[in-house]
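# An overview of the molecular structure
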Amino acid sequence: MTSELDTHSLPLGYAEWRKKIVTLIENAKLNAVIHVNTDMLSLYWSIGRDIISKKKELAWGAQVIEQLSLDLTRKFPEDKGYSVRNLHYMRRFAESYPDFPILQVSLAEFKDKPISQAALAELAKGKDYVDIPLSTISWYHHISMLPKIKNNAERAFYILETTRNGWSRDVMLSKINSGYMNAVGNAVTNFSITLPEYQSDLAQYAFKDPYNFSFIGTVALQHERDIENRLAERMTEFLLELGHGFAYVGRQYNVVVDGDDYYIDILMYHLKLHCYVVVELKAVEFIPEFVSKLNFYISAVDEYVKSPEDNPTIGLLLCRSKSNKKAEFALRGITQPMGIAQYETEKLFNDVASALPTIEGIEEELNNAED
């Protein structure tokens, strides 16, 4: 039986040492999970490669896979991975990733892809290609992604983003279906001239355009407060759509300037950028006057909210629609860092269930590949 000890009697430095031990244990558990996943992917890739080889060398057909499924299931009754469908997945996995356990992509293939040059440089380490470890996402992520994406650079992007954000398979598929890759880093901003170089790149890729707020429903939302209330009710989905690093601070956040009260629609904090983010919602098309109000709020947060350790506050203006040219003109001469993007509410996200490939659809595609 254990009992609580008097922590005051513990030697100086114990707390830091304990944190180190906890970190070691957590890392060991994570590595164990990754190791198990790597072993499973390696096994499935090897089986898939053998199926490809036998089909090519001996012209074995689909009936051999069916027999193999029966034999393996009898031999390993507790394993659920040897169905005919999963064996077909293994073959496709081996075909798609001939260089397993990595996906090798040349830097040229990342041209116009939304991944920062700093991130590419880190991944490439002086080479003209990057090696993306395939074991950082699960088997179920892989088999769900493969029918959706044919391009290696796009696959690499979603593998990296899934790993970085800890997306489940369902979330990853919803991101693929909503065109996440084409939205990242697409907001109109002035970061290149208002932020230090080391921060502007990261900030650009922290913002998107458009944002998809279909999760708040299809009801016509005519006022900013209606949209704001819906986003507050669905905060988990809102944070997921904003992206990795955003933390919620408050809505209708009060700041007092020279005795007058002002209320910021939504105040966020970005953990990677180490700064507050003022989010202003507009239920109408962008007009240049909106920038002045956002500029005022950024100044107020910098003056009355942020601490000396925080980086300068960033503004994000979200409008129902916008003209990129008008947005660019409006930001000229503005010295506060801000971005302008639009959001969508009417266009429905596909349900997660519809985002998942159907068994019939995958089997039909795999059978066609056999012919």
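How each quantity is defined
- Residues numbered from 1 in each chain as written.
- Predicted model: local features only at pLDDT ≥ 70, side-chain atom pairs only at ≥ 80, totals over all residues.
- Heavy atoms only, no water.
- Helix = DSSP H or I, 4+ residues; strand = E, 2+ residues; numbered from the N terminus.
- Buried < 20%, exposed > 50% of the residue type's maximum accessible area, 1.4 Å probe, protein only.
- Contact = heavy atoms within 4.5 Å.
- Polar contact = N/O pair within 3.5 Å; in protein donor to acceptor, adjacent residues only side chain to side chain.
- Patch = residues over 30% accessible without salt bridge, like charges linked within 9 Å, V, L, I, M, F, W, Y side chains within 5 Å.
- Areas by Shrake-Rupley, 256 points an atom, 1.4 Å probe, with all protein chains shown as cover.
- Salt bridge = Lys/Arg side-chain N within 4 Å of Asp/Glu carboxyl O.
- Pairing = 2+ DSSP bridges.
- Right-handed = clockwise from strand over helix to strand, strands pointing away.
- Core = buried A, V, L, I, M, F, W, Y, C linked by side-chain atoms within 4.5 Å.
- Arc of directions from axis to C-beta.
- Phe/Tyr/Trp six-rings, centres within 6.5 Å; stacked < 30°, edge-to-face > 60°.

### With respect to the overall build of the chain
Of the regular secondary structure elements, the chain holds 16 helices and nine strands. The 371 residues of the chain split such that 42% are buried. Excluding contacts between residues fewer than 6 apart, the proportion of contacts in the chain whose partners are at least 24 apart in sequence is 66%.

### Some words on the environment of Asn254
Looking at where Asn254 falls in the secondary structure, it is placed in strand 5 (residues 246-257). Not counting the four nearest positions on each side in its chain, Asn254 is found in contact with Asp261, Tyr262 and Tyr263. A distance of 3.3 Å separates a polar side-chain atom of Asn254 from the backbone oxygen of Tyr262.

### Comments concerning a nonpolar patch on the surface
Together, Trp17, Ile21, Leu24 and Ile25 line one region of the surface with nonpolar side chains, adding up to about 390 Å² of accessible area. Classification of Ile21 by relative accessible area gives partly exposed; the value is 31%.

### Structural notes on the pairing of strand 7 (residues 275-285)
Burial runs high along strand 7: nine of the eleven residues are buried. Pairing between strand 6 (residues 260-270) and strand 7: five bridges, direction antiparallel. The residue of strand 7 that forms the bridge with Tyr269 is Tyr276. Count of turn residues in the strand 6/strand 7 antiparallel hairpin: four residues, of which His274 carries a positive phi of about 55 degrees. Where strand 7 meets strand 8 (residues 314-321), seven bridges bridge the pair, whose relative direction is parallel. Among the inter-strand pairings, Glu285 is bridged to a residue of strand 8, identified as Ser321. In this fold, the crossover linking strand 7 to strand 8 by way of helix 13 (residues 289-304) has right-handed handedness.

### Observations concerning the side chain of Gln336
Of note, Gln336 is situated in the loop between helix 14 (324-331) and strand 9 (338-344). Residue Gln336 is classed as buried on the basis of its relative accessible area, which comes to 15%. Engagement of the side chain of Gln336 in a polar contact is seen with the side chain of Ser299, the distance being 2.6 Å. Gln336 has contacts with Asn190, Thr194, Asn295, Ile298, Ser299 and Asp302, leaving out every residue within four places of it along the chain.

### Here's the deal with the environment of Val84
With respect to the element layout, Val84 can be found in helix 3 (residues 84-96). Its relative accessible area of 30% is what places Val84 among the partly exposed residues. Counting along the chain gives 21 residues from Val84 to Gln63, while the straight-line C-alpha distance between them is 9.8 Å.

### Examining the nonpolar core
Nonpolar side chains in soluble globular proteins tend to be buried together. With 43 residues, the main nonpolar core has Phe93, Leu103, Phe110, Trp139, Met145, Tyr158 and Ile159 as its most contacted residues. Excluding its chain neighbours within four sequence positions, the residues that come into contact with Ile159 are Tyr97, Leu103, Ile132, Pro133, Leu134, Thr136, Ile137, His142 and Met145. Counting 29 residues, the second-largest nonpolar core is a separate cluster that includes Ile266, Cys275, Ile314 and Ala341.

### Brief notes about the pattern of salt bridges
According to the stated counting rule, one finds 13 salt bridges in the structure shown. Glu237 is paired through a salt bridge with Arg234; the nearest N and O atoms lie 2.8 Å apart. Judged by relative accessible area, Arg234 falls into the partly exposed class, the value being 33%. When salt bridges with common partners are traced through the structure, they connect Lys175, Lys208 and Glu241 into a single cluster.

### Focus: helix 11 (residues 224-233)
The complete set of buried residues in helix 11 reads Ile227, Glu228 and Leu231. On an axial view of helix 11, the arc spanned by its buried residues comes to 100 degrees, and they lie on one face. Next to the buried residues of helix 11 lie helix 12 (235-242), strand 5, strand 6, strand 7, strand 8 and strand 9.

### Notes on the packing of aromatic side chains
One pass over the full model with this rule turns up 19 aromatic pairs. Between Phe191 and Phe207, the ring centres sit 5.5 Å apart and the planes meet at 65 degrees, which makes this aromatic pair edge-to-face. Of the two residues, Phe191 sits in helix 9 (residues 191-194) while Phe207 sits in the loop between helix 10 (197-204) and strand 4 (211-212), which places them 16 residues apart along the sequence. Among the residues examined, Phe207 registers a relative accessible area of 1% and is labelled buried. Relative to Tyr343, the ring of Phe213 has its centre 5.6 Å away and its plane inclined at 25 degrees; by these criteria the two rings are stacked. Here the residue Phe213 occupies a position in the loop between strand 4 and helix 11, and Tyr343 occupies one in strand 9, the gap between them amounting to 130 residues. For the pair shown, Phe213 and Tyr343 are each scored as buried.

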